[in-house]
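Structural overview
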Number of protein chains: 2
Amino acid sequence: MTNRPHDVESVDCKKAGQVLARVGEKWSVFIIMSLAEKPHRFTELKRALNGISQRMLTLCLRGLERDGLIQRTVIAVMPPHVEYALTPLGISLTKPIIALGQWAFEHIPDIDAARAAFEARENGEKT
Amino acid sequence: MTNRPHDVESVDCKKAGQVLARVGEKWSVFIIMSLAEKPHRFTELKRALNGISQRMLTLCLRGLERDGLIQRTVIAVMPPHVEYALTPLGISLTKPIIALGQWAFEHIPDIDAARAAFEARENGEKT
């Protein structure tokens, strides 16, 4: 492995980029955070992620399952239902994800202030 | 602030989603990682991020500057040049970003194996 993770010619770097893209998708982050509490059924997740569409939730769950971060289990009761839970790999991702999420929440005021200052400078330059 | 960061109706949650989107953009992550080493000129960054286009680098730098994560300084020598460096806010983001980047690099083999197993299951189901 290279010590220069921004040496973006490397295959590893391209793959890390794909992983980051998944993590940067806010719904994926919110799904991982929900499942870090407890396993959820599809309808429970939909309720927890107030505002997500059925289609987007299905797509995100499929992407997370494909990457081995969550496990989909069909529970054979009547009527049968499907439960989603984090895999050990998904659990290992919760720590950095939560750290990043906390940073994002804590620094919203700073980013808002920076954006306002940036717009003001831009407008100042134009006039 | 809510204790349920996935309560996505909240304004904070939408804004955190925007922050995550920036962080999920691989070039932004690689720029932050490069600037964590030392300030860079535009051409130095372009060289470090082998493969990034001029246009994409300009866009990313502008986004990071707008969010208050990097600072653009015009150095008044002849010929004048522009230097990019992390702000204190940007520096505070390096710790969770690097943790996440490390997770991504370390778990590439696990994710590759999960994807291969997923495709195999999908193909098995179809035949």
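Look up a bit, the structure's there.
Just so it is clear, the structure is predicted and the values come from calculations on it, not from any experiment.

Rules and cut-offs
Residues numbered from 1 in each chain as written. Chains lettered and ligands numbered in written order. Predicted model: local features only at pLDDT ≥ 70, side-chain atom pairs only at ≥ 80, totals over all residues. Heavy atoms only, no water. Helix = DSSP H or I, 4+ residues; strand = E, 2+ residues; numbered from the N terminus. Buried < 20%, exposed > 50% of the residue type's maximum accessible area, 1.4 Å probe, protein only. Contact = heavy atoms within 4.5 Å. Areas by Shrake-Rupley, 256 points an atom, 1.4 Å probe, with all protein chains shown as cover. Salt bridge = Lys/Arg side-chain N within 4 Å of Asp/Glu carboxyl O. Buried area = accessible area lost by both parts, 1.4 Å probe. Pairing = 2+ DSSP bridges. Least-squares fit on C-alpha atoms with pLDDT ≥ 70 in both.

With respect to the overall build of chain A
A tally of helices and strands in chain A yields six helices and three strands. Traced from its N-terminal end to its C-terminal end, chain A shows the element sequence α-α-β-α-α-β-β-α-α. Put simply, chain A has 127 residues, and 46% of those count as buried. In chain A, the share of contacts with a sequence separation of at least 24, taken over all contacts with a separation of at least 6, comes to 41%. As displayed, chain A offers around 6800 Å² of accessible surface, 55% of which is attributable to carbon and sulfur atoms.

A short note on the pattern of salt bridges
Per the counting criterion, the structure on display carries 10 salt bridges over all chains. Taking the shortest distance from any N to any O, the salt bridge between Glu119(B) and Arg66(A) comes out at 2.7 Å. Of this pair, Glu119(B) sits in helix H6 (residues 108-126) while Arg66(A) sits in helix H4 (residues 54-66), placing the two residues on different chains. For Arg66(A), a relative accessible area of 28% puts it in the partly exposed group. Put simply, Glu44(B) and Lys38(B) hold a salt bridge, and the shortest N to O gap is 3.5 Å.

So, the environment of Thr58(B)
All names here are of chain B. Residue position: Thr58 is located in helix H4 (residues 54-66). Residue Thr58 is classed as partly exposed on the basis of its relative accessible area, which comes to 40%. When the C-alpha atoms of Thr58 and Phe42 are compared, they prove to be 8.7 Å apart, with 16 residues separating the residues in sequence.

Focus on the interface of chain A and chain B
At the interface, 54 residues of chain A touch 54 residues of chain B. Here chain A and chain B share an interface that buries about 5400 Å² over both sides, 69% of which is from carbon and sulfur atoms. On the surface where chain A and chain B come into contact, there are eight salt bridges. With a shortest N-O distance of 2.6 Å, Asp67(B) and Arg115(A) are connected by a salt bridge.

Description of the pairing of strand S3 (residues 81-86) of chain A
Residues and elements named next belong to chain A. Bridging between strand S1 (residues 40-41) and S3 involves two bridges; their strand directions are antiparallel. Each residue of the ladder has a partner; that of Arg41, found in S3, is Glu83. By the bridge criterion, six bridges tie strand S2 (residues 70-75) to S3 in an arrangement that is antiparallel. Its bridge partner lying in S3, Ile70 is registered against Leu86. The antiparallel hairpin formed by S2 and S3 contains five residues in its connecting segment.

Points about the sheet that holds strand S1 (residues 40-41) of chain B
The antiparallel open sheet is built from three strands, whose spatial order is S1-S3-S2 (chain B). Sheet topology places S1 and strand S2 (70-75) of chain B at the edges, where each strand pairs with a single neighbour.

Thoughts on the relation of the copies chain A and chain B
Each copy superposes on the other: chain A lies on chain B with an RMSD of 0.0 Å after a rotation of 180° and an axial shift of 0.0 Å. Within this description, the copies of the chain are treated as partners about a two-fold rotation axis.

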